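Listed here are the chains, written in short residue letters.
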Amino acid sequence: MHKIFKYRIYPSKAQQALLQSTFGCCRFVYNKMLDIRKTAYDTDKTRLSKFACINRMTALKTEYVWLYDVPAVCLVQAVCNMDAAYQNFFKSGKGYPKFKSKHRSRKSCKFMVPKCAVLQDISRLKLSKLGLVKYKKDREFVGALRHIVVTQDSDGKYYASCLVVTGVDAPKLQPVDASTAVGIDLGLKDFIVTSDGCKISNPRFYVTIDRRIARLQKHEARKTKGSKRRARIRMKINKLCVRKRNLIKNYIYHVANTLLRESQTLVMEDLNIGGMVKNHKLAKSIQNVCWGELRRVLEYKSKWLGHNLIFIDRWAPSTRTCSCCGFKNDALTLSDRSWACPGCGTHHDRDINAALNIKRMGLAKVLPAVSGFDGRGEVGYGLDEASICASY
Ligand SMILES: [Zn+2]
């Protein structure tokens, strides 16, 4: 099983300078090779392979001698990244590779084994040309290191992400058991509502941070472009943005861990988040609730644990259908938070009813024997909103 361990690193002044030029050279090589490949195809439809691009590195280095000053392994990896962007474009329908920007793109460089190592006994990373770099060993790992990606966050801190092959296989997928399955409805008012009737409210702790960011952005706009004062305010904004991101991430990990601890099968809607964000009225609230991040965390953690994660069709009528008799209430509007079923007379909470339907639809997908409409006979989860929010 592959796992990534991310550590904060503390490079010295000289190492920071070298890292900065490495980030710059990687970006330069990425853009240059993308340009060469693009021009080759545009002029005579030649498709340059990854190795053809890597072979051109020697010529590039003689033309731009300063490329010799940075670790060669990082430059080759920059070419590989450019090729990967092309492969994503061809295979998975992602967009055409873009040029990297000095100001907007993430600063990163990749070291492959044996040009890097983690010396856990002395808490140092060994990186080609950089030497020994101090890191914060908050946890140890067992396994074989594959590569290290060094990045710099927008707040100026450096991190190293180490890809490790743990040598332990992922547990076998457990069979789906209807009694331990739970349906999850994602919402804007409540972050998630489960089919057990448990509601977890949206995190609101970042509202003050948002206000501070808005105020600083006003200050920033009044300063001259390129000035030191403007850069100082920009750094303050970046620090707040990183803080907000970390708070939300922490919250999501709490929620995901609780959900996975309590149930062995989770059913979710396969939401088109990119499409929903295009609705300008809801865009900010949707981006703030980070459903995509929750989905990403649930996907990889369920694999680690051997739990089942089932997605149902995004167009399935989970909200409009009565979870008791299957009546489809087409008169339901977005503002109706609760409704009574005209078919069987049951009174429904909008979100809990949707979560129950999601659970039923997900189980029907994998267990054909499950049909009909189950009631709410199950006991609650113990997913305690107060305990999740307590850490803030
Ligand atoms: Zn009904």
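Heads up: these notes are all about the structure in this document. Per-chain numbering applies: the sequence of each chain, read as written, is numbered from 1 onward. In keeping with the model being predicted, local features are shown solely for residues with a pLDDT of at least 70 and side-chain atom pairs are shown and tallied solely at 80 or more, while totals for entire chains, interfaces and linings include all residues. To obtain the side-chain values, all non-hydrogen atoms of the structure were included, while hydrogens and water were left out.

In this section: the coordination of the zinc ion. Because no water is among the atoms considered, metal sites can look incomplete, with donors defined as N, O and S atoms within 2.8 Å of the metal, or 3.2 Å for Na, K and Ca. Taken together, the protein ligands of the zinc ion are Cys 322 (SG), Cys 325 (SG), Cys 341 (SG) and Cys 344 (SG), with distances of 2.2 to 2.4 Å. Tetrahedral means four donors with every angle between 85 and 135 degrees, whereas square planar (four donors) and octahedral (six donors) require angles over 155 degrees between opposite donors and between 65 and 115 for all others; sites fitting neither are termed irregular. Considering all four donor atoms around the zinc ion, angles at the metal cover 107 to 112° and the coordination shape is tetrahedral. Here the donor residues of the zinc ion are spaced in sequence according to C-x2-C-x15-C-x2-C. Residue exposure (1.4 Å probe, protein chains only): buried if accessible area is under 20% of the type maximum, exposed if over 50%, otherwise partly exposed. Take Cys 322: its relative accessible area is 0%, and that puts it in the buried class. Its relative accessible area of 34% is what places Cys 325 among the partly exposed residues.

Backbone torsion omega between Val 113 and Pro 114 reads 10°, so that peptide bond is classified as cis. Secondary structure follows DSSP: runs of H or I at least 4 residues long count as helices, runs of E at least 2 residues long count as strands, and numbering of each begins at the N terminus. Within the secondary structure, Pro 114 sits in the loop between β2 (107–112) and β3 (116–119). Notably, Ser 123 is not glycine yet its phi reads approximately 55°, a positive angle. Along the chain, Ser 123 falls in the loop between β3 and β4 (124–127). Located in the positive-phi region is Lys 129, a residue other than glycine, with phi close to 70°. For Lys 129, the location among the structural elements is in the loop between β4 and β5 (131–135). What makes Lys 129 partly exposed here is its relative accessible area of 49%.

This paragraph deals with helix α10 (residues 350–366). What a helix should span is 1.5 Å times the count of its residues minus one. End to end, α10 covers 25 Å across 17 residues, agreeing with the expected 24 Å (1.5 Å per residue, within 8%). With 14 of 17 residues buried, α10 lies mostly within the body of the structure. Counted as a polar contact is a pair of N or O atoms within 3.5 Å, where, for protein atoms, one must be capable of donating a hydrogen and the other of accepting one, and residues adjacent in sequence contribute only when both atoms are in side chains. The backbone nitrogen of Asp 351 has a side-chain oxygen 3.0 Å away, supplied by the residue at the start of α10, namely Asp 349.

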